Amino acid sequence: LDVRLRVPPIFNFDPQFIIVDTKTGSTQLIVSKALFERKRNIQHLTKDDLSYITPEELYGHGRSVTSPFWVFGCMLYEAQFNRNPFSTVMQAKVTEEIIKKYPVHFPEEQKDIDDLIDLITNLLIKDPLQRLGSDGMEQEILSHAYFQS
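Definitions and limits used
Residues numbered from 1 in each chain as written. Predicted model: local features only at pLDDT ≥ 70, side-chain atom pairs only at ≥ 80, totals over all residues. Heavy atoms only, no water. Helix = DSSP H or I, 4+ residues; strand = E, 2+ residues; numbered from the N terminus. Buried < 20%, exposed > 50% of the residue type's maximum accessible area, 1.4 Å probe, protein only. Areas by Shrake-Rupley, 256 points an atom, 1.4 Å probe, with all protein chains shown as cover. Arc of directions from axis to C-beta. Contact = heavy atoms within 4.5 Å. Axes fitted to C-alpha atoms, helices over the stretch in contact; angles between N-to-C directions. Left-handed = near helix turned anticlockwise from the far one by under 90°. Nonpolar A, V, L, I, M, F, W, Y, C, P; charged D, E, K, R; others polar.

**Q** I keep staring at the overall build of the protein and nothing clicks. Help me out?
**A** In terms of regular secondary structure, the protein is built from seven helices and two strands. Each helix and strand of the protein, placed in order from N terminus to C terminus, yields the pattern α-β-β-α-α-α-α-α-α. Considering the protein as a whole, with its 149 residues, one finds that 37% of them fall into the buried category. For the protein, the exposed area adds up to about 9,500 Å²; of that, 53% sits on carbon and sulfur atoms.

**Q** Would you mind going over helix H4 (residues 92-101) with me for this structure?
**A** Structurally, the α-helix is built with 3.6 residues per turn, so residues lying three or four positions apart point the same way. Of all the positions in H4, only Ala 92, Thr 95, Glu 96, Ile 99 and Lys 100 are classed as buried. Seen end-on, H4 carries its buried residues on one side only, within an arc spanning 135°. In H4, those exposed residues whose orientation departs by more than 90 degrees from the buried face are Lys 93 and Lys 101. The inward-facing, buried residues of H4 abut helix H2 (55-58) and helix H3 (67-81).

**Q** How should I be thinking about the packing of H3 against helix H5 (residues 114-123) in this particular structure?
**A** For any two helices packed against each other, the geometry is given by the interaxial angle and the distance between the axes. Contact geometry for H3 and H5: axes closest at 8 Å, N-to-C directions at 145°. The interaxial crossing formed by H3 with H5 has left-handed handedness. Contacts between H3 and H5 involve Phe 69, Trp 70, Phe 72, Gly 73, Leu 76, Tyr 77 and Gln 80 on the former and, on the latter, Leu 116, Leu 119, Ile 120 and Leu 123. Partitioning the contact of H3 with H5 into residue classes produces nine nonpolar, two polar and no charged.

Structure follows, in structure tokens:
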């Protein structure tokens, strides 16, 4: 049974649908109709709209089965570095090009977080077919070295 064939695509993966228990660290995803609704007009995006948008969406291919993993990578980056991995003072069009073409950049002198940086880098691969999770879905992600330590 391939879950990718049974679950409809998630179009509206937003932090408001995630609940984190700060005491136990467990997370839950709130599943509602809004999670599966396509709301974005890709033609007129602001810089704020670009926070969690995937390269495949910017190329006009829509969301892929690994799009939520891209969003997860952005959220991990934000949790560690207190900013979106593709935030910039440039105009939205420049930010779009950065998301589509350039690898994620990490602040200098990061120590003892090599596994986290590797996880984020692999979640933010531009090609959705090469992105971490494309072969084994969440099990592939959970088997990453970051979660084993």
